[in-house]
Amino acid sequence: MSSEGTSTPPYVPPDHARFWLGTLTESADAGFVGADLRGIIITWNPGAERIFGYAPAEILGRPIGVLIPSDKQAEEAASLARIGAGETLRLETERLCKGGRRTPVSLTMAPVLNERGHAIGISVIARDMQRTFLINAENLRREAVLRSILDTVHEALIIIGDDGLIRSFSGTAERLFGYPSEEVIGHDVSVLVSEPHRERQVAYIARYLQTGERHIASIARVVAGQRKDGSTFPMELSVGEIALPGVRQFTVFIRDLSESQDRERRLAELRSELVHVSRLNDLGQMVSTLAHEVAQPLTSLANYLNGSRRLLTAGKAEAAEQALERAAEQASRATRIVQSLRDFVRRGETEKRSEDLRKTIEEASALAMLGIAHKLTLELRVSPDARQAVIDKVQIQQVLFNLIRNAAEAMTGDGMVSITVMRVGEMAEISVADTGPGLGEEVGARLFQPFVTSKPNGMGVGLSVCRTIVEAHGGQIWADPAPLQGALFKFTVPLPAGDSAKTD
Amino acid sequence: MQDDLQSAVGVIDDDPAVLDSFRFMLEVAGHRVLTFRSALEFLAHTSDLPCCLILDQQMPDLTGLELVARLRSDGIVLPILLVTAWPSPAIVTRAAELGIEGVLEKPPGEGDILSFAAAYL
Ligand SMILES: Nc1ncnc2c1ncn2[C@@H]1O[C@H](COP(=O)(O)OP(=O)(O)OP(=O)(O)O)[C@@H](O)[C@H]1O
Ligand SMILES: [Mg+2]
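The rules behind the values
Residues numbered from 1 in each chain as written. Chains lettered and ligands numbered in written order. Predicted model: local features only at pLDDT ≥ 70, side-chain atom pairs only at ≥ 80, totals over all residues. Heavy atoms only, no water. Helix = DSSP H or I, 4+ residues; strand = E, 2+ residues; numbered from the N terminus. Contact = heavy atoms within 4.5 Å. pLDDT = per-residue confidence, 0-100. Phe/Tyr/Trp six-rings, centres within 6.5 Å; stacked < 30°, edge-to-face > 60°. Buried < 20%, exposed > 50% of the residue type's maximum accessible area, 1.4 Å probe, protein only. Near = heavy atom within 4 Å. Polar contact = N/O pair within 3.5 Å; in protein donor to acceptor, adjacent residues only side chain to side chain. Areas by Shrake-Rupley, 256 points an atom, 1.4 Å probe, with all protein chains shown as cover. 1 Å grid on protein atoms, 1.4 Å probe; cavity = no way out; pocket = protein on both sides within 12 Å on 5 of 7 lines; lining within 4 Å. Points joined across faces, edges and corners; volume = space filled by probe spheres on them. Nonpolar A, V, L, I, M, F, W, Y, C, P; charged D, E, K, R; others polar. Pairing = 2+ DSSP bridges. Axes fitted to C-alpha atoms, helices over the stretch in contact; angles between N-to-C directions. Patch = residues over 30% accessible without salt bridge, like charges linked within 9 Å, V, L, I, M, F, W, Y side chains within 5 Å. Salt bridge = Lys/Arg side-chain N within 4 Å of Asp/Glu carboxyl O. Lys, Arg positive; Asp, Glu negative; His and termini not counted. Charge placed at Lys NZ, Arg CZ, Asp CG, Glu CD. Right-handed = clockwise from strand over helix to strand, strands pointing away. Core = buried A, V, L, I, M, F, W, Y, C linked by side-chain atoms within 4.5 Å.

S.K.: Would you mind showing me how to read the environment of His292 of chain A here?
M.R.: Of note, His292 of chain A is situated in helix α10 (residues 260-313). With residues near it in sequence (within four places) discarded, His292 of chain A still touches Gln58 and Ala85 of chain B.

Put into structure tokens, the structure is as follows:
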């Protein structure tokens with residue numbers, strides 16, 4: 001360039017260069033190591049100390065060979081020969097730290113020349129690659145995990161921007177909607193939603209986008225989806241937010257509820273969720289906490305006993321006695337832990353409390369109505385003198401779930417499920433009525449026995465589970481033999497003690 | 001007070017009974033022992049290090065592995081035996097990455113502890 005010769009570099013007094021260099025060397029993250037022609041280390045900065053663990057006093061004057069693993073000696077000899085010939089080398093290799101640990105490093109090695117251009121030693125800049133290695137490996141691992149998850153889950157994944165435009169469309173999404181990803185990326189997400197409901201359902205997503213209400217994301221929503229060929233299907237959405245600086249995108253997981261198999265699986269999952277959700281989490285956590293809790297006294301116990309054995313062998317009975325006392329303390333500590341575990345399990349067996357029946361029923365029916373394609377109206381009436389009952393809430397919700405589910409399954413078209421709670425003596429009586437075809441002849445008297453079913457995919461266990469649960473509560477369950485319409489199931493659960501005196 | 005810290009075995013565990021029992025067992029076997037109730041307490045002492053460290057994984061504040069990562073990034077290298085009630089694959093892998101000498105399940109065997117201490121004195 002023509003201007004190059006005209007600009008003069010800023011003037012630095014020759015003796016100041018030393019200070020600049022000194023600070024650079026002291027503050028660099030990289031290790032700076034200088035060795036003379038014999039390979040004796042003569043400079044060593046704090047960076048080198050951080051990487052290799054040696055303080056300057058420990059390493060200055062020692063041969064550079066102490067940093068080189070035995071299987072890298074040949075590589076080092078070859079490098080030195082090339083540097084001797086005036087070359088500057090970069091290489092990724094390993095070096096030994098204080099204490100003998102190997103660490104991956106990236107090195108820049110160059111000859112140090114005097115004013116006449118003669119080599120007087122070598123300089124080495126070393127960078128610690130340990131962290132870089134770990135971070136790279138971790139990123140690769142995460143990517144692989146993510147890919148394998150997306151390949152195996154049944155949900156389709158769509159990523160949309162806060163403008164509602166589709167950014168990414170997974171393979172499962174392509175199969176589900178029948179669009180190749182390039183046809184929908186960049187389009188509004190509403191193309192995937194069925195026409196008549198488009199407004200309302202898109203509004204749901206939009207509301208999430210606008211308000212960013214986090215709790216909506218955790219609630220799965222069922223809406224009607226539309227495939228490329230125009231056909232519609234029920235789909236369950238769960239929306240999550242990707243929060244990156246400056247970018248607001250949303251992940252939408254879509255589960256197809258129309259596939260009978262998938263729907264059955266979903267229902268089976270829901271059913272077992274009802275019972276297990278709370279307990280499973282508790283259990284997994286319990287086991288690892290417990291392992292830790294019990295391992296502590298066992299560790300102490302083993303240590304005291306092993307030490308005591310040595311003392312006894314050496315004839316020092318008195319000293320051993322004290323340790324054995326402490327060992328005994330640790331044994332009772334372990335016992336107390338096991339006892340509290342027993343208490344926990346016992347409590348878990350009968351988790352009966354006074355619960356609000358309206359809330360219990362509302363929650364169960366919300367779950368039971370999930371994925372029902374036809375239009376169902378749900379009606380709930382709770383008499384004021386039967387608001388509470390003493391129940392295991394999760395179990396009674398399972399009973400309600402099975403009854404509502406049966407009612408919904410019995411009605412092929414539109415219909416109604418009415419649930420009524422009233423007081424009969426000391427019990428709350430809950431009835432579930434539907435407007436379906438009523439009970440068929442073939443099930444009749446064996447209704448509550450297991451494996452009695454009239455459904456192609458039914459297991460016939462729903463009502464028998466109901467009976468087991470209700471009877472464990474001291475109640476009864478039956479089907480009204482001659483309802484005015486449809487089927488009518490009733491069951492009873494105990495009211496809170498002393499509630500009989502109360503009148504509303 | 002120990003005058004020669006270089007020949008002591010360090011033990012870190014948040015549980016006082018575990019600490020006391022390690023001290024007892026190692027002292028009976030003829031070792032000097034330094035005990036620390038937490039990783040932070042140990043970090044305050046890194047100017048004079050024990051010759052090797054028996055370290056509990058599950059501790060409040062800083063876990064065993066977090067402590068080792070901190071030591072390594074400070075360039076402090078000393079032989080470490082990690083003891084944990086729950087040696088998950090994640091813990092074992094991370095320990096290997098950090099160059100930890102060994103991971104033992106709680107309760108650890110006396111032989112494993114003593115041969116570790118003997119090897120690094
Ligand atoms: N509300 C209802 N209306 C009509 N028939 C019903 C109703 N509830 C139950 N039934 C009949 O009783 C049978 C047994 O019901 P149950 O809930 O025990 O098993 P299922 O629904 O067939 O299978 P699953 O194990 O999936 O619940 C049903 O197959 C059905 O024939
Ligand atoms: Mg059923």
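Picking up where we left off.
S.K.: Help me understand the confidence of the model for chain A in this model?
M.R.: Regions with low pLDDT should not have their predicted coordinates read in detail. Residue and element names in this part refer to chain A. Confidence in the prediction for chain A averages 80 pLDDT; 79% of positions are at 70 or higher. Ignoring residues within four places in sequence, the model shows residues 214-219, a span with pLDDT below 50, making 11 contacts including any to other chains. With pLDDT under 50 throughout, residues 275-282 is counted as low confidence; its partners more than four residues away or in other chains account for 7 contacts.

S.K.: In this structure, what is going on with the packing of aromatic side chains? I would like to understand it.
M.R.: Each aromatic ring pair is characterised by the separation of its centres together with the angle its planes make. What the rule picks out here adds up to 7 aromatic pairs over all chains. On the basis of an interplanar angle of 50° and a centroid distance of 5.8 Å, the ring pair of Tyr304 of chain A and Phe24 of chain B is categorised as tilted. Here Tyr304 of chain A, found in helix α10, pairs with Phe24 of chain B, found in helix α1 (residues 16-28), and the two come from separate chains. Residue Tyr304 of chain A is classed as buried on the basis of its relative accessible area, which comes to 2%. Residue class for Phe24 of chain B comes out buried when judged on its relative accessible area of 14%. Seen in terms of ring centroids, Phe116 of chain B and Tyr120 of chain B are 5.3 Å apart; in terms of plane orientation they differ by 55°. Their pairing is tilted. Exposure remark for Phe116 of chain B: the relative accessible area of 7% places this residue in the buried category. Three or more aromatic residues joined by ring pairs form one cluster here, namely Trp44, Phe52 and Tyr54 of chain A.

S.K.: Can you walk me through the site of ligand 1 in this structure?
M.R.: All names here are of chain A. The environment of ligand 1 is formed by 21 residues, the closest being Asn406, Thr453, Ser454, Lys455 and Leu463. Within the side chain of Asn406, one N or O atom sits 2.8 Å away from an oxygen atom of ligand 1. Here Lys455 contributes a side-chain N or O atom positioned 2.7 Å from an oxygen atom of ligand 1. Here ligand 1, which alone exposes 590 Å², has 93% of that area covered by the protein.

S.K.: For this particular structure, what's the right way to read empty space enclosed by the protein?
M.R.: With a probe scaled to a water molecule rolled over the atoms, the places where space remains empty come into view. Residues and elements named next belong to chain A. Evaluation of the coordinates by the stated rule reveals 3 cavities of 30 Å³ or more. Put simply, the parts of the chain that give the lining of the largest cavity at least two residues each are β4 (102-113) and β5 (119-128). When the residues that make up the lining of the largest cavity are grouped by side-chain class, the tally is 9 nonpolar, no polar and 2 charged.

S.K.: Where do I start with the sheet that holds strand β1 (residues 8-12) of chain B in this structure?
M.R.: Sheet strands associate in pairs through backbone hydrogen bonding, adopting either a parallel or an antiparallel arrangement. All names here are of chain B. Strand order in the open sheet made by the 5 strands is β2-β1-β3-β4-β5, with parallel pairing throughout. At either end of the open sheet lies a strand with only one pairing partner, and these are β2 (32-36) and β5 (102-105). Taken pair by pair, the neighbouring strands of this sheet meet at an average axis angle of 20°, ignoring direction. When strand β3 (residues 52-56) meets strand β4 (residues 80-84), the two strands line up parallel, connected through 4 bridges.

S.K.: Sorry if this is basic, but what is going on with the layout of surface pockets here?
M.R.: The volume enclosed by the second largest pocket comes to roughly 770 Å³. Along the walls of the second largest pocket sit 24 residues, with Asp128, Gln130, Arg131, Thr132 and Leu134 of chain A positioned nearest its centre. Those elements that provide at least two residues to the lining of the second largest pocket are α2 (46-52), β5 and α5 (130-152) of chain A together with α3 (64-73) and α4 (89-97) of chain B. The element that contributes the greatest number of residues to the lining of the second largest pocket is α5 of chain A, accounting for 8 residues. Considering only residue class, the lining of the second largest pocket consists of 8 nonpolar, 5 polar and 11 charged.

S.K.: Hey, could you run me through a negative patch on the surface in this one?
M.R.: Together, Glu318, Glu321, Glu325 and Glu329 of chain A make up a negatively charged patch on the protein surface. Assignment of secondary structure puts Glu318 of chain A in helix α11 (residues 317-349).

S.K.: Honestly, the pairing of β2 of chain B in this entry has me stumped. Any pointers?
M.R.: All names here are of chain B. One ladder, built from 5 bridges, connects β1 with β2; its direction is parallel. Across the sheet, the residue bridging to Gly10 is Leu34, located in β2. For the segment spanning β1, α1 and β2, crossover handedness is right-handed.

S.K.: How do you make sense of the nonpolar core when you look at a structure like this?
M.R.: Where a protein is soluble and globular, its nonpolar side chains tend to be buried together. Leu400, Ile419, Ile430, Phe489, Phe491 and Val493 of chain A are the most contacted members of the largest nonpolar core, which totals 41 residues. Not counting chain neighbours up to four residues away, the residues in contact with Phe489 of chain A comprise Leu403, Ile430, Ser431, Val432, Leu439, Leu447, Phe448, Leu463, Trp478 and Ala479 of chain A. Ranked by size, the runner-up nonpolar core spans 24 residues in total, among them Leu62, Leu65, Leu78 and Leu82 of chain B.

S.K.: What am I meant to see in the sheet that holds strand β3 (residues 89-96) of chain A here?
M.R.: Residue and element names in this part refer to chain A. Spatial ordering of the open sheet is given by β2-β1-β5-β4-β3, a layout of 5 strands whose pairing is antiparallel. The open sheet terminates on both sides in strands that have one partner only, identified here as β2 (41-44) and β3. Geometrically, the sheet is characterised by an average inter-axis angle of 30° between neighbouring strands, direction not taken into account. The sheet strands contacting helix α4 (residues 73-84) are β3, β4 and β5, and the helix crosses β3 at an angle near 145°.

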